[in-house]
4 protein chains.
Amino acid sequence: MDEGLYFFEQFSGHMVRGIKIDKVYYQGKTEYQWVQIFDSPLFGKVLFLDRKIQSAQIDERTYHEALVHPVLITHPFPQDVLVIGGGEGATLREVLKHELVSRVSMVDIDQELVKLCQEHLPEWSEGAFSDQRVHLVFGDARRFIEDSKDKFDVIVSDLTEPIEKGPSVYLFTEEFFKKIDQALNQDGLFVLQAGSTDPVYHDFFASCAKTLEKVFPIIRPYWVHMFSFGLPWGFVLASKKEDPLELEHEEILQRMERRGVKNLQFYESSLHQALFTLPPYLKAGLKKGKVLTDKKPYIWTL
Amino acid sequence: MDEGLYFFEQFSGHMVRGIKIDKVYYQGKTEYQWVQIFDSPLFGKVLFLDRKIQSAQIDERTYHEALVHPVLITHPFPQDVLVIGGGEGATLREVLKHELVSRVSMVDIDQELVKLCQEHLPEWSEGAFSDQRVHLVFGDARRFIEDSKDKFDVIVSDLTEPIEKGPSVYLFTEEFFKKIDQALNQDGLFVLQAGSTDPVYHDFFASCAKTLEKVFPIIRPYWVHMFSFGLPWGFVLASKKEDPLELEHEEILQRMERRGVKNLQFYESSLHQALFTLPPYLKAGLKKGKVLTDKKPYIWTL
Amino acid sequence: MDEGLYFFEQFSGHMVRGIKIDKVYYQGKTEYQWVQIFDSPLFGKVLFLDRKIQSAQIDERTYHEALVHPVLITHPFPQDVLVIGGGEGATLREVLKHELVSRVSMVDIDQELVKLCQEHLPEWSEGAFSDQRVHLVFGDARRFIEDSKDKFDVIVSDLTEPIEKGPSVYLFTEEFFKKIDQALNQDGLFVLQAGSTDPVYHDFFASCAKTLEKVFPIIRPYWVHMFSFGLPWGFVLASKKEDPLELEHEEILQRMERRGVKNLQFYESSLHQALFTLPPYLKAGLKKGKVLTDKKPYIWTL
Amino acid sequence: MDEGLYFFEQFSGHMVRGIKIDKVYYQGKTEYQWVQIFDSPLFGKVLFLDRKIQSAQIDERTYHEALVHPVLITHPFPQDVLVIGGGEGATLREVLKHELVSRVSMVDIDQELVKLCQEHLPEWSEGAFSDQRVHLVFGDARRFIEDSKDKFDVIVSDLTEPIEKGPSVYLFTEEFFKKIDQALNQDGLFVLQAGSTDPVYHDFFASCAKTLEKVFPIIRPYWVHMFSFGLPWGFVLASKKEDPLELEHEEILQRMERRGVKNLQFYESSLHQALFTLPPYLKAGLKKGKVLTDKKPYIWTL
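Throughout what follows, the structure given in this document is the object of discussion. Here the structure is a predicted model, which means the values were calculated and not measured. (Residues numbered from 1 in each chain as written. Chains lettered and ligands numbered in written order. Predicted model: local features only at pLDDT ≥ 70, side-chain atom pairs only at ≥ 80, totals over all residues. Heavy atoms only, no water.)

To continue, consider a nonpolar patch on the surface. Nonpolar side chains collect at one region of the surface, where C:Ile58, D:Val200 and D:Tyr201 lie side by side and expose about 200 Å² of accessible area between them. Residue class for C:Ile58 comes out partly exposed when judged on its relative accessible area of 30%. (Patch = residues over 30% accessible without salt bridge, like charges linked within 9 Å, V, L, I, M, F, W, Y side chains within 5 Å. Areas by Shrake-Rupley, 256 points an atom, 1.4 Å probe, with all protein chains shown as cover. Salt bridge = Lys/Arg side-chain N within 4 Å of Asp/Glu carboxyl O. Buried < 20%, exposed > 50% of the residue type's maximum accessible area, 1.4 Å probe, protein only.)

What follows deals with the sheet that holds strand E1 (residues 4–11) of chain B. If you trace the eight strands once around the closed barrel, you get E1(A)-E2(A)-E2(B)-E1(B)-E1(C)-E2(C)-E2(D)-E1(D), paired in antiparallel fashion. When strand polarity is set aside, the average angle formed by the axes of neighbouring strands in this sheet is 30 degrees. In the sheet, strand E1 (residues 4–11) of chain A pairs with strand E1 (residues 4–11) of chain D via five bridges, with the strands oriented antiparallel. Bridging across to E1(D), A:Leu5 finds its partner in D:Phe7. (Pairing = 2+ DSSP bridges. Helix = DSSP H or I, 4+ residues; strand = E, 2+ residues; numbered from the N terminus. Axes fitted to C-alpha atoms, helices over the stretch in contact; angles between N-to-C directions.)

What follows concerns the interface of chain B and chain A. Listed as interface residues are 43 residues of chain B and, on the opposing side, 43 residues of chain A. Across the chain B/chain A interface, buried area totals approximately 3,500 Å², and carbon plus sulfur atoms make up 69% of it. Of all residues in chain B, B:His14, B:Leu42 and B:Phe227 bury the most surface against chain A, accounting for 17% of the area lost on that side. Taken together, the connections running from chain B to chain A amount to two salt bridges. Of the charged contacts in the structure, one is a salt bridge between A:Glu268 and B:Lys283, with a shortest N-O distance of 2.4 Å. The tally of links from chain B across to chain A stands at nine residue pairs in polar contact (both at pLDDT 80 or more). Secondary-structure elements contributing two or more residues to the side of chain B that touches chain A are E1, strand E2 (15–20), strand E13 (231–239), helix H9 (269–275) and helix H10 (280–287) of chain B. If you tally residues by element for the side of chain B that touches chain A, the top one is E2(B), at six residues. (Contact = heavy atoms within 4.5 Å. Buried area = accessible area lost by both parts, 1.4 Å probe. Polar contact = N/O pair within 3.5 Å; in protein donor to acceptor, adjacent residues only side chain to side chain.)

On to the environment of A:Thr30, then. Residue and element names in this part refer to chain A. On the secondary structure map, Thr30 appears in the loop between strand E3 (23–29) and strand E4 (34–40). Along the primary structure Thr30 and Gln111 are separated by 81 residues, whereas in three dimensions their C-alpha atoms are 8.7 Å apart. When residues no more than four places from it in sequence are discounted, the contact partners of Thr30 are Val35, Asp110, Glu112, Leu113 and Leu116. One polar contact links the side chain of Thr30 to the main-chain amide nitrogen of Tyr32, over a distance of 3.0 Å. A distance of 2.7 Å separates the side chain of Thr30 from the side chain of Asp110, its partner in a polar contact.

Between the two copies of this chain, the relationship is a rotation about some axis together with a displacement along it. When chain B is fitted to chain A, the residual RMSD is 0.0 Å, and the transformation amounts to a turn of 180 degrees plus an axial shift of 0.0 Å. On the angle and the small slide along the axis, the relation comes out as a two-fold axis. Looking at chain B, 100% of its interface residues are interface residues in chain A too, so the copies touch through the same face. (Least-squares fit on C-alpha atoms with pLDDT ≥ 70 in both.)

Moving on, we come to helix H1 (residues 60–74) of chain C. All names here are of chain C. Between the first and last C-alpha of H1 there are 22 Å, a value that for 15 residues agrees with the 21 Å anticipated at 1.5 Å per step. Residue Ala66 marks the point of greatest curvature in H1, where the axis turns by about 25 degrees; the proline Pro70 follows within four residues. Taking burial as the measure, the 15 residues of H1 include 15 buried ones, the bulk of the element. (Expected span 1.5 Å × (residues − 1). Bend = angle between axes of the 7 residues up to and from the residue.)

All names here are of chain D. The strand order across the open sheet built from four strands is E3-E4-E5-E6, with neighbouring strands paired in antiparallel fashion. Of all strands in the sheet, those bounded by a partner on one side alone are strand E3 (23–29) and strand E6 (52–56). Between one strand axis and the next, the sheet turns through 20 degrees on average, direction left out of account. In this structure, strand E5 (residues 44–49) lies alongside E6, joined through four bridges in antiparallel fashion. Looking at E6, one finds that Leu49 is bridged to Lys52. Sitting on the sheet, helix H3 (residues 111–120) touches E3, strand E4 (34–40) and E5, and the angle it makes with E3 is about 170 degrees.

Another aspect to go through is the pairing of strand E4 (residues 34–40) of chain B. Residue and element names in this part refer to chain B. Taking burial as the measure, the seven residues of E4 include five buried ones, the bulk of the element. Hairpin geometry of strand E3 (residues 23–29) and E4 is characterised by an intervening segment of four residues between the two adjacent antiparallel strands. Bridge count between E4 and strand E5 (residues 44–49): six bridges; the pairing is antiparallel. Paired with Val35 across the two strands is Leu49, which belongs to E5. The turn joining E4 and E5, which pair antiparallel and follow one another in sequence, is formed by three residues.

All names here are of chain B. According to the stated counting rule, one finds 82 aromatic pairs over all chains in the structure shown. For the pair Phe11 and Tyr201, a centre-to-centre distance of 5.5 Å together with 85 degrees between the ring planes defines the contact as edge-to-face. Of the two residues, Phe11 is situated in strand E1 and Tyr201 in the loop between strand E11 (184–196) and helix H7 (203–213); the sequence distance between them amounts to 190 residues. The class of Phe11 is buried, set by a relative accessible area of 18%. Of the residues examined, Tyr201 reaches a relative accessible area of 30% and is grouped as partly exposed. Measuring from centroid to centroid gives 5.6 Å for Tyr63 and Phe235, while their planes differ by 55 degrees, and the two rings are tilted. Of the two residues, Tyr63 is situated in helix H1 (residues 60–74) and Phe235 in strand E13; the sequence distance between them amounts to 172 residues. (Phe/Tyr/Trp six-rings, centres within 6.5 Å; stacked < 30°, edge-to-face > 60°.)

Ranked by internal contacts, the top residues of the largest apolar core, which has 332 residues, are B:Ile155, B:Phe190, C:Ile155, C:Phe190, D:Ile155 and D:Phe190. Discounting chain neighbours no more than four positions away, the residues touching D:Phe190 are D:Val71, D:Ile155, D:Ser157, D:Phe177, D:Ile180, D:Leu184, D:Leu212, D:Phe216, D:Val236, D:Leu237 and D:Ala238. Listed in part, the 36 residues of the second largest apolar core include A:Phe144, A:Phe177, A:Ala194 and A:Leu212. (Core = buried A, V, L, I, M, F, W, Y, C linked by side-chain atoms within 4.5 Å.)

Next up on the list: helix H7 (residues 203–213) of chain C. Residues and elements named next belong to chain C. For H7, a buried count of eight out of eleven residues is recorded, marking the element as mostly surrounded by other parts of the structure. Those residues of H7 that fall on the buried side of the exposure criterion are Phe204, Phe205, Ala206, Ser207, Cys208, Ala209, Thr211 and Leu212. On the buried face of H7, the contacting elements are helix H6 (174–182), strand E11 (184–196), strand E12 (218–226), strand E13 (231–239) and helix H10 (280–287).

All names here are of chain B. Across the interface, H1 lies against helix H8 (residues 249–259) with an axial gap of 10 Å and an inter-helix angle of 100 degrees. Between H1 and H8, the angle is such that the two are roughly perpendicular. Every residue of H8 that contacts H1 at Leu72, Ile73 and Thr74 is listed here: Ile252, Arg255, Met256 and Arg259. In the contact of H1 with H8, the residues fall into four nonpolar, one polar and two charged. (Parallel < 35°, antiparallel > 145°, perpendicular 65-115°, else oblique. Nonpolar A, V, L, I, M, F, W, Y, C, P; charged D, E, K, R; others polar.)

In short, shape yes, function no, at least from these values alone.
Rendered as structure tokens:
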């Protein structure tokens, strides 16, 4: 260990990780969360919210491409897309790569965070916030969905984990997922980031899947490995009609070409099916998920 | 971070990781390496060699099943198998699950390590060392291969990374791989563990693949995520004739059933193809591998 | 930072310290506390109770000589001594160096700890437990004092800090100090270890002194630096009649010689006065101490 | 351990210390050294040079008062003072408190550091750099002494430890101390900070004293405890004629009053003698010091 500045994170009280920090771009508290933006020799720029790593330059494309493209490619003709959370702007960036998307609404509760990301992490949004197709709303996602009369083809949830009194506790419940369902068009799809899929702590992932099962007919959990998290990471795709597992390699290739999606670093047609292939221990774990409700939401503890 | 005992590892000088340790089973130096065996609340029992994590109870089956079964399943009728390294006995354990394997030779340089693992980590070998089919040899793997007149159907290399003056430096070179090739039967296969496949440090992985390409016609790199390493981990399968990518799901199922391979926790037929599916950044990285030779071997530095 | 095993301690939530550990002699819980005994390259053998460092080979003599000799030397003719706590046996060892002490009673609540120290830390007691003058009692010190009809010349308190529900909470209160007073002969003296005297966290030290002031006419706080604690450390000497500040250098020399006290590594006559000399910030801090009572005892928090 | 930003220091390869950091004021490299200025919840503002702690708000007054006042008080009539190093300006601040000092020259090699301290650590200099009596020179102290024709009453050396190729290697040698001697008036005094006096690593302290013995007739090593260093810290006072041990309490009081020295937080007349009182292990250690020369200087290693 060189001497110097490190950012220390805990994992479950039984492991700590220290990342060397070269530069502090920003540290401060917005109305909603503690924001830290650093430069690190191993990961490049890195964002922490409430002291938990959110995104790092070295592999944010793995995360954001894995979150966005499987669900968008599975929809045959996505035009109206809603992004919940995703303050860094990278989820937006990936959605906008699909040229036939004509409108992306993004609802984030934390205006100051979005501004900080635009200032310090422009590599994430790559100008996405200036795209004419983007409709940016600051506010509570749940209220937005309830009040909105628009219908969407795809909704992408890119939220922080539901920590005690945090802003996303009630955005992972059956009640909310029902509102999501109502806000989707007939062939609509929903995807959310769903936490770690490591062999010990994948109950949040399992519970997201179990809860979505109560609302949607087709549920497809999938995973990627996130180097900067030091963890395998889970997503759940929920669908009214289209099934990502039925998409042929050739069809994906054609859709990507027609929509002008190119220069990706992680997602590609040949990887699509592999993402959804889970090992036995995870499939077993998924069965143990609990249905999350407004009365019994998931509260993430260290 | 609770107060107490932790084992600290470095990664590339830019990251440290501390794992809480409940119990010290063993610490000491054999003739070849520094051995530490602990109990940890997060990973269960865990083995460190030369202060680098080798194997942990929580996911050693992911590692050993991923190392052994793809290559053995790809061989249509494996009878004679050679294991290089693998002192914990878990590689042996997985090989022995294939009932038609009639003989497994295992060469490990470190007799004391094998004894320590039998004493403190019996969960790894599960009695494998007592199996009548096992032929255990203590010595240098390279000399064993050179001196041996036996031919093998499958050779499995489960070695530590090649650190300066360590015992495995010359077991990852073109010269050694040629000897492996000569020691294999006509339809023989070889597999090795090949280090991290993370986005920054996958040059060892790439170089293993590149070097094997000089010797074998079919090279199939693949990966899994190792929670206890905090990293995605690479393997390279090299083959004279059989291609793991041509194996149909149904054929794998049948082979596993005929051979009596069951109760696996990680590998299964439906996962087989997904293991070999790499993302664009890794495929690009593989192209940059260097051919490793006795004159220019790979030396792992922190 | 070398890779390997470290013991991590926190200080006030704002600092952590990791000590390299070579060997684990013992880890386990007695009826009263968590005990850890290690070997470390920097400090030699080291004892932790409830995960807080208690004593290390490199400077335990500084601590124990500083605790015992000032108070014993100040008493003109100490014969009956009581030690409260001090399970390692080093306090006993120092008391026994005064040849005219004819009887030392020691009350420690934790019989198993005393046994562990005898087994793993014999350098601390140096055979003291076998001295004919020693009368060892296992039990609660407060009850012992209440029940005892003996009177003592000197009482030495060598207790752990009063943590929540820990065994020493009610051994630092006015009520207990009054019982100490009653158990002392007319010219008796009392000394206790009283925690850190660092510029931030010396309130326990100050409160021990303030509480003793309610009971004894002469109160003399003093300090030493403890390398293994990384802190300056405080003691408070309380006296019915004799004042350590009035002892001349020559008188101390003579008393030490007459009593056969020799081969000390830290305490000596020329150092006696210096120990009691505190800087302005500590003298100011002492004024802010609170009187500790059974109703409002001191509870040490991290 | 809370999650967040920490500064990690090593001690001798066997101990690490992490200090929580709230704010980064500055990080960068001057021509001579790596400079880091932070705010920390435990120590307040804190300065690191070449990744080693130099000074912290919580106890910089202990350090600077201990460095300056014993030597200045020992001189009966100090008017011309030279400060070597001391870029933060706090040594200057303390010297200037002696009203009869009419001129203070300060030589520091690192102009940028002095500027950074004025900007970020104004609490250290408290306006000292603007005092009319101050004569500030940027350059090598050794060359300054050689070239200077001035004579001084007191010289105060406040340098970083002599690390490999660092700027202070040849400012702790017999040759340099001879030049110091020549630059002092007949009754001149010299003092230097001399590193840790902990029980293991006090050889630098001992060697400073031993080397000064070759040049000056009166050598008085002394120490204080530095909470922010986690260590006891040593200084050596060297004198041509006046002996600090012969100063009576009353005389010190009078000198301080006549010179207008007041509002100190650490040094006071009653503490003067205690500072110079060392325990047996340190006195024994002092005997083992080596004479440092330009050919065999001291090189500080981790």
